[in-house]
Structures are given as structure tokens and as C-alpha cells.
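# Per-entry structural report
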Amino acid sequence: MNITIVGTGYVGLVTGTTLAELGNSVYCVDIDEKKVEAMKLGKVPIYEPNLEEMFLRNIQAQRLFFTTNLKESLEKSDVIYLALPTPPGEDGSADLSYVLKVANDIGEMMTSYKVIVNKSTVPVGTADKVRATIAAKTSVEFDVVSNPEFLREGFAVEDSMNPSRVVVGSSSEKAKGFMSKVYQPFTNIGIPIIFMDEKSSELTKYASNSFLAVKITFMNEIANYCEKVGADVDKVRLGMGSDDRIGNRFLFPGIGYGGSCFPKDVKALIKSGKQENFDFQILEATENVNISQKVILVSEIENYFGGNLRGKKIALWGLAFKANTDDIREASSLDNIKLLLEKGAEITAYDAIAEENVKKILGDKISYASDMYSALENADCLLIATEWSEFKNPNFKLMAEKLKNKAIFDGRNMFPLELPEQNGFFYKSIGRRTVG
Ligand code: NAD
């Protein structure tokens with residue numbers, strides 16, 4: 001099939017590359033000319049494990065193309081995916097201006113039947129808005145389908161090539177036929193397409209992300225309570241997770257969730273609820289707990305230094321919102337940096353993958369180290385904000401030599417307690433006994 005993807009970010013690029021890998025001809029459209037030029041030269045604009053190889057293979061095979069020209073791509077394609085940003089507006093609701101602008105352009109440009117597939121995360125009722133926007137510009141037949149994306153950054157290629165399910169919201173049999181054809185390679189290997197109406201499909205995405213945000217936050221509260229009563233969250237987690245009604249995933253406590261999805265989707269669902277006079281009380285609590293959880297270790301660091309962080313040098317391992325991505329949107333690291341700087345501390349950060357993105361927004365407000373150990377040079381303590389694999393089994397002797405104080409504040413529970421304990425460190429993690 002010939003497919004156009006509008007918006008070539010984390011979702012659009014991975015979706016486009018995956019659909020090309022499945023044998024389709026895919027035209028990726030973006031308004032960012034620099035990005036398009038770079039992609040034409042074979043440069044992947046984001047960090048995502050295993051993406052580059054598949055991206056290059058499909059460019060080589062002439063199945064994957066990049067352009068800024070929406071009109072030309074539309075003419076060649078029957079199915080048009082929208083993978084556009086839906087950032088939070090000032091009031092927290094999803095900003096639909098990118099989606100509706102492109103819907104308007106499509107309405108003006110299309111000359112034959114198209115299936116418009118919305119992959120962006122959007123509030124219930126957006127398919128109707130997209131339909132109305134296009135219909136205002138054309139009398140040509142078209143359908144609008146909701147097809148939310150469930151990929152995880154860091155595992156995006158794996159998730160896109162082997163999704164647990166594909167959700168398609170459509171009231172048109174014709175559009176469902178096109179979607180069945182696009183996803184036939186998945187149904188062939190037993191991955192289900194779950195068909196439903198557009199509104200239920202749109203809500204499925206928000207409900208899924210919000211549920212995961214609640215699950216993480218619930219566990220963070222259990223962890224905080226463990227500290228009060230002397231329980232160990234690792235044991236509680238294992239005990240809970242082996243009940244298959246609960247499952248063992250998303251039970252790891254830490255310094256809150258971030259990223260481009262959970263915070264914005266929780267906010268947007270709360271806001272959508274308010275528009276219907278409906279209070280999502282559990283989501284409001286989740287959002288509030290997460291805001292304080294993100295910086296919960298700052299007061300611990302402050303206490304460790306007798307209440308004064310002025311002039312203290314803090315080494316920070318990890319800037320990305322989670323491991324295996326360069327994405328720093330709503331990353332806990334940034335909340336910690338902001339608060340620590342306000343309190344007069346100095347920060348030297350290390351994150352080989354996300355450093356460039358942080359430099360773009362923080363510049364020289366903090367220093368950057370070229371490796372994890374040089375970040376510790378003369379630092380008063382270490383704070384860990386991202387669970388990168390390279391931090392999992394560090395050389396504690398070398399760390400002790402570099403740090404002024406053998407103190408680690410670990411927002412991602414990277415080590416079994418015995419490791420820092422045997423090496424004589426003060427070690428504060430989340431939901432476990434403080435060592436040292
Ligand atoms: P992104 O910011 O990485 O990418 C969006 C792209 O759209 C950018 O390259 C931008 O230049 C381009 N764009 C903006 N306006 C355009 C226009 N008029 N024409 C063509 N291109 C245009 O965003 P993302 O992370 O890929 O997210 C896209 C959507 O998918 C959002 O709704 C998000 O909530 C949802 N989503 C994201 C993830 C994720 O893990 N990132 C997962 C599931 C769903």
C-alpha cells in the first residue's frame with residue numbers, strides 16, 4: 001500500500017519505518033525542513049534502539065521517503081496517518097491545533113478517497129472535529145479513523161513490530177477494510193485488531209496511560225509509606241507482583257513519572273472530565289503525588305547537608321525521562337535540577353544520550369561530564385535520576401575516590417542495598433531502609 005505519515009517525530013518516524021518494513025511505500029511528511037533534509041541523508045533525528053538499521057534498510061529499498069510536500073504525498077497515498085503533537089494547552093487540555101491545521105490542509109488538497117488515521121493522542125470527540133474540518137473544505141469522500149499508538153519510547157521498534165494489540169475506532173466498513181489490509185501482517189501472526197467506535201478508541205489511549213500513571217504513583221505512595229513503617233518496597237513489590245491479577249510490571253517505585261505522554265495525558269483526561277462536569281479524583285491525586293514525588297530526594301539531600309545546599313556540588317547521573325531514550329520532556333531530572341539550583345547547589349550531569357537535548361534548554365546553567373565517573377570529581381554527593389544500564393553495576397571504589405562524601409541519593413533504586421552498604425556509602429533510595 002501507499003501510505004503517508006504526517007509528523008515525523010517519535011511516533012511518526014517509528015510508525016513510518018515499521019510500515020515500510022512491512023512492505024508498504026511510506027511518505028513521511030514534516031514541516032521541519034532541517035529534519036527532513038537530515039532524514040533524506042540517512043540521519044535518524046531521534047535516539048531509539050534498533051531504529052537506525054531498519055530506517056536505512058527501508059530507505060535503501062526505496063520504500064521510505066521524506067518530504068515537506070504534503071500535497072504530493074497525499075496524491076500518492078490512500079491511507080494518511082496523523083502523528084502530530086498534541087501538547088497540553090495552558091489549561092491542561094490537549095492542544096488540537098496541529099491536528100486540525102493538517103486536517104484543514106488535507107481537506108483543501110485531497111482529490112480522491114482517503115482514510116485519515118489519527119495516531120496522535122486526542123480527547124474523545126476529536127475524530128468528529130477532524131471529520132468536520134475536512135468536510136468543510138471538500139466534497140470528496142473520506143473516512144476518519146482513530147488508531148491510538150501504544151509504543152513505549154526506548155522500545156518503540158519492538159513495540160511497533162510486535163504490538164500487543166491494535167485498536168481501531170471506525171464506524172465505516174470501507175475504512176475498516178483499509179485498516180485490516182494495513183495490519184494484515186500483524187493479524188497473520190495472531191496480533192488482534194480490536195475494532196470499536198471512534199470515541200471508545202480515543203478514550204482507550206487516555207485510559208491506558210492514566211491507568212499506568214496511577215499504578216506507578218500508587219507504588220510510589222506504598223514506597224513512601226514503607227519508609228515510615230520500616231517495610232521494604234522491594235519485598236512488597238515481589239509479593240504483590242506474583243499475583244497475576246496485579247502483574248509484576250510498573251511496580252517499581254522511583255522519583256515519579258515523566259516523558260511526553262503520562263503527564264500530559266493525565267492532565268488532558270482531567271480537563272476533558274471537567275468539561276463534562278466530571279471529576280477524575282483519582283487522576284487529580286495522581287498528578288499531585290507525582291509532582292511532589294519527582295523532587296522527593298531534594299529534601300533528603302538538604303537534610304544530609306544540615307539544611308543548606310548553597311555551594312554544594314551535586315553529581316547527577318541521568319537526564320532522560322527514562323532509560324534508552326534521548327527524550328527529556330517532563331523528565332524528573334529537570335525538576336530536580338531546577339529546585340537544586342534554586343537552593344544554591346551546583347550540578348554536573350552525565351547522560352551520554354540526552355545531554356544534547358538538555359543543553360538546548362539549560363545551556364551552561366549546569367556542567368556536563370563526558371563519563372559517569374568524571375561527573376563525580378569533587379562532588380559532594382551523587383543523585384541518580386535515570387535508570388541507564390551503565391549505572392547498574394558501577395565501580396564503587398572509584399566512586400569513593402572521586403566523591404568528597406560517599407553519599408548516593410538514588411531516585412531509581414539501581415542497587416541492592418548490600419552493594420553501597422559493603423562499600424561504606426550513605427545510600428538513600430525509595431521505599432527502602434537508608435544505608436549508612
Ligand atoms: P514529536 O513532537 O516527537 O513529533 C511531532 C512531529 O510533527 C515533529 O517532527 C513536528 O515537526 C511535526 N509537525 C508539526 N506540525 C506539523 C505539520 N503541520 N505538518 C507536518 N509535520 C508537523 O511528537 P511524538 O512524541 O511523536 O507524539 C505525536 C503524538 O503521538 C502525540 O499526540 C503523542 O501524545 C502521541 N504519542 C506519543 C508517544 C511517545 O512515546 N512519544 C506514544 C504514543 C502516543
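Residues numbered from 1 in each chain as written. Predicted model: local features only at pLDDT ≥ 70, side-chain atom pairs only at ≥ 80, totals over all residues.

Here the UniProt feature "binding site: substrate" (unreviewed entry) sits at Phe-150, Leu-151, Arg-152, Glu-153, Lys-205, Phe-250, Leu-251, Phe-252, Pro-253, Gly-254, Gly-258 and Lys-322. A maximum C-alpha distance of 23.8 Å among these annotated residues, which run over 173 residues, shows that they spread across the structure rather than meeting at one spot. Relative to the assigned elements, Glu-153 resides in the loop between strand E6 (142-146) and helix H7 (156-161). With residues up to four places along the chain from it excluded, the contact list for Glu-153 reads Tyr-10, Gly-259, Thr-325 and Asp-327. As for its placement among the helices and strands, Phe-252 is situated in the loop between helix H11 (233-241) and helix H12 (262-275). (UniProt positions renumbered as here; feature names shortened; annotations may be inferred. Helix = DSSP H or I, 4+ residues; strand = E, 2+ residues; numbered from the N terminus. Contact = placed C-beta atoms within 7 Å.)

This paragraph deals with the UniProt feature "binding site: NAD(+)" (unreviewed entry) in the protein chain. Per the UniProt record, the feature "binding site: NAD(+)" (unreviewed entry) sits at Asp-30, Lys-35, Thr-86, Thr-121, Glu-153, Lys-264 and Arg-329. Annotated residues spanning 300 residues; largest pairwise C-alpha distance 24.5 Å, indicating distribution over more than one region. Along the chain, Asp-30 turns up in the loop between strand E2 (25-29) and helix H2 (33-40). Along the chain, the position of Lys-264 falls in helix H12.

Around the ligand, the structure places 27 residues, and the nearest of them are Gly-7, Gly-9, Val-11, Ser-120 and Thr-121. Within the shell around the ligand, the residues separate by chemical class into twelve nonpolar, eight polar and seven charged. (Near = placed C-beta within 6 Å. Nonpolar A, V, L, I, M, F, W, Y, C, P; charged D, E, K, R; others polar.)

Turning our eyes to something else, we now look at unusual backbone geometry. With phi around 65 degrees, Phe-250 is a residue other than glycine that occupies positive phi space. Within the secondary structure, Phe-250 is located in the loop between H11 and H12. Of note, the phi angle at Asn-277 is positive, near 55 degrees, even though the residue is not glycine. Classification of Asn-277 by C-beta neighbours within 10 Å gives exposed; the count is 6. (Buried ≥ 20, exposed ≤ 12 C-beta atoms within 10 Å, placed from the backbone.)

Moving on, we get to the domain arrangement of the protein chain. As far as domains go, the protein chain holds domain 1 (2-196), domain 2 (205-292) and domain 3 (295-428). Computed from C-alpha coordinates alone, the two centres of domain 2 and domain 3 are separated by 24 Å. In this complex, domain 2 contributes ten residues to the contact, which on the side of domain 3 involves 14 residues. (Domains from an automatic or database assignment.)

For the rest of this paragraph, the subject is the nonpolar core. Counting 115 residues, the largest nonpolar core has Val-6, Ile-116, Cys-381, Leu-382 and Leu-383 as its most contacted members. Counting residues per element, this core draws most heavily on helix H10 (residues 198-229), which supplies seven residues. Once you skip the residues sitting within four places of it in the chain, Leu-382 turns out to touch Ala-315, Trp-317, Leu-376, Leu-403, Ile-408 and Phe-409. (Core = buried A, V, L, I, M, F, W, Y, C linked by C-beta atoms within 7 Å.)

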